[in-house]
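Chain residues, written in single-letter form:
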Amino acid sequence: MSVPYAEVIGDPIAQSKSPAIHGFWLAKLGIEAEYRATRVTPDDIGDFLAERRADPDWRGCNVTMPLKQMVQPNLHSIEEPAASIGAVNTICPVSDRLLAGYNTDAPGFLEPLRDRLGETHYFRMARILGTGGAARAIVSALAAEGFVIVLAGRDPAKARALLDELAPEGEHHAVDLAHFADPTDFAFDDREGCCDLIVNASPLGMRGQPPLAFDWSHAPPGAIAYDIVTDPVDTPFLQGAREAGFATIDGLSMLIGQAAFAFERFFGAKPPREQDAELRALLVR
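Right, let's walk through the structure included here.

Definitions and cut-offs
Residues numbered from 1 in each chain as written. Predicted model: local features only at pLDDT ≥ 70, side-chain atom pairs only at ≥ 80, totals over all residues. Heavy atoms only, no water. Helix = DSSP H or I, 4+ residues; strand = E, 2+ residues; numbered from the N terminus. Buried < 20%, exposed > 50% of the residue type's maximum accessible area, 1.4 Å probe, protein only. Salt bridge = Lys/Arg side-chain N within 4 Å of Asp/Glu carboxyl O. Polar contact = N/O pair within 3.5 Å; in protein donor to acceptor, adjacent residues only side chain to side chain. Contact = heavy atoms within 4.5 Å. Core = buried A, V, L, I, M, F, W, Y, C linked by side-chain atoms within 4.5 Å. Pairing = 2+ DSSP bridges. Axes fitted to C-alpha atoms, helices over the stretch in contact; angles between N-to-C directions. Arc of directions from axis to C-beta.

**Section: unusual backbone geometry**
For step 1, the next point in the chain: Omega for the peptide link from D11 to P12 comes to 10°, which places this bond in the cis form.
For step 2, the next point in the chain: Inspection of the secondary structure assignment puts P12 in the loop between strand 1 (5–10) and helix 1 (18–29).
For step 3, the next point in the chain: Of note in this structure, D96 is not a glycine but carries a positive phi near 60°.
For step 4, the next point in the chain: Its location among the elements puts D96 in the loop between strand 5 (90–93) and strand 6 (99–102).
For step 5, the next point in the chain: Look at D96 and you get exposed, because its relative accessible area is 68%.
For step 6, the next point in the chain: The phi angle at R97 is positive, at roughly 60°, despite the residue not being glycine.

**What about the pattern of salt bridges?**
For step 1, the next point in the chain: A full pass over the atoms with the stated rule returns 18 salt bridges.
For step 2, the next point in the chain: We note a salt bridge from E111 to R273, for which the minimum N-O separation is 2.8 Å. Taken together, the residues span a long stretch of sequence, with E111 in the loop between helix 4 (105–110) and helix 5 (114–117) and R273 in the loop between helix 9 (251–267) and helix 10 (276–283) at a distance of 162 residues.
For step 3, the next point in the chain: When its relative accessible area of 25% is taken as the criterion, R273 is described as partly exposed.

**Overview of the side chain of R136**
For step 1, the next point in the chain: With respect to the helices, strands and loops of the structure, R136 is situated in helix 6 (residues 133–144).
For step 2, the next point in the chain: Within the structure, the side chain of R136 is placed 2.5 Å from the side chain of E165, a separation counted as a polar contact.
For step 3, the next point in the chain: Apart from residues lying up to four places away in sequence, R136 is in contact with Q69, I85, G86, L162, E165 and L166.

**Re the nonpolar core**
For step 1, the next point in the chain: One finds F109, I128, L142 and I149 to be the most contacted residues of the largest nonpolar core, which totals 32 residues.
For step 2, the next point in the chain: Taken together, the elements giving at least two residues each to this core come down to helix 4, strand 7 (123–129), helix 6, strand 8 (148–153), helix 7 (156–166), strand 10 (194–200) and strand 11 (224–227).
For step 3, the next point in the chain: A per-element tally of this core places helix 6 first, with seven residues.

**Considering the pairing of strand 5**
For a regular strand, the rule is simple: side chains alternate between the two faces of the sheet.
For step 1, the next point in the chain: Here strand 5 shows a buried face lined by T90 and C92 and a second buried face lined by I91 and P93.
For step 2, the next point in the chain: As defined by bridge partners, strand 3 (residues 58–63) adjoins strand 5 across two bridges and the pair is classed as antiparallel. The residue of strand 5 that forms the bridge with N62 is T90.
For step 3, the next point in the chain: In terms of strand pairing, strand 5 meets strand 6 through four bridges, oriented antiparallel. Note on strand 6: the bridge partner recorded for I91 is G101.

**Thoughts on the sheet that holds strand 11**
For step 1, the next point in the chain: As summarised here, the arrangement of the six strands in space is 9-8-7-10-11-12, forming an open sheet in which the pairing is parallel. Single-partner strands in this sheet number two, and they are strand 9 (173–176) and strand 12 (247–249). In this sheet, adjacent strand axes meet at a mean angle of 20° when their direction is disregarded.
For step 2, the next point in the chain: As defined by bridge partners, strand 7 adjoins strand 10 across seven bridges and the pair is classed as parallel. Across the sheet, the residue bridging to R127 is I198, located in strand 10.

**Describing helix 7**
Working note: α-helix, 3.6 residues per turn, so residues spaced by three or four point in the same direction.
For step 1, the next point in the chain: Those residues of helix 7 not exposed but buried are A159, L162, L163 and L166. Taken end-on, helix 7 shows its buried residues confined to a sector of 100°, consistent with a single buried face.
For step 2, the next point in the chain: Structurally, the start of helix 7 carries an N-cap: the backbone nitrogen of A157 is 3.0 Å from a side-chain oxygen of D155.

**A short note on the side chain of T235**
For step 1, the next point in the chain: Along the chain, T235 falls in the loop between strand 11 and helix 8 (236–243).
For step 2, the next point in the chain: In this view, T235 contacts G205, D227 and V229; residues no more than four positions away in its chain are not counted.

This is how it looks when you write it as structure tokens:
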């Protein structure tokens with residue numbers, strides 16, 4: 001007997017924690033459905049989506065590296081904020097089994113910051129490290145929340161182009177990622193009343209990847225360090241932030257947050273977020 005299912009696609013995909021998250025919620029809610037992980041390469045994406053579109057049991061998929069921009073020509077519509085961001089991380093069949101693309105990374109990223117963003121600040125600045133698909137969502141989300149963005153990448157010209165595309169009205173800055181690797185003696189002004197973020201939006205620090213070189217003398221007093229890497233959860237970047245006295249947010253916060261928005265689209269039910277602590281314990285085993 002067939003059951004409804006959703007999945008996460010990408011290449012590589014074996015490391016994805018999404019099946020554990022969605023499986024946990026499905027079990028807690030008693031929903032008869034499955035959530036799978038499927039390796040899909042850029043060359044396969046068109047045939048894959050055509051096949052899934054014809055499957056009445058398929059409820060959609062999450063999209064991870066390197067497909068977030070490559071999937072778009074295969075979709076019938078791209079909803080906001082995915083259209084503005086230029087990256088899709090969730091696909092669902094809609095009426096007549098047409099495929100719609102969404103981006104849940106942006107609201108997922110902002111979720112653990114909501115209390116802080118509800119406060120009034122006279123200045124907000126985010127130093128974002130990385131210029132990939134996840135960075136696109138983060139730049140767009142934080143610019144909309146009134147942040148001045150300092151975007152750092154190996155190619156500053158790419159960072160500048162991304163800022164001009166996603167946040168053309170702000171006075172944002174593009175720098176070389178190496179700028180943050182060496183110590184600075186910059187004297188920060190009084191940061192009380194400010195909101196400062198240091199965000200690793202790159203894969204650096206992920207298991208199997210080189211570490212992210214960031215010297216914490218570049219972080220203003222009271223800044224929050226936020227790393228979207230989830231394997232490992234406690235990255236060297238976050239460890240260094242804590243040692244330097246900064247508050248931290250790990251990648252599971254964004255991962256669980258974005259998954260919650262997708263889960264509701266796939267299965268028509270709100271996930272049991274009151275059980276996040278149990279879910280987190282499962283994910284870090």
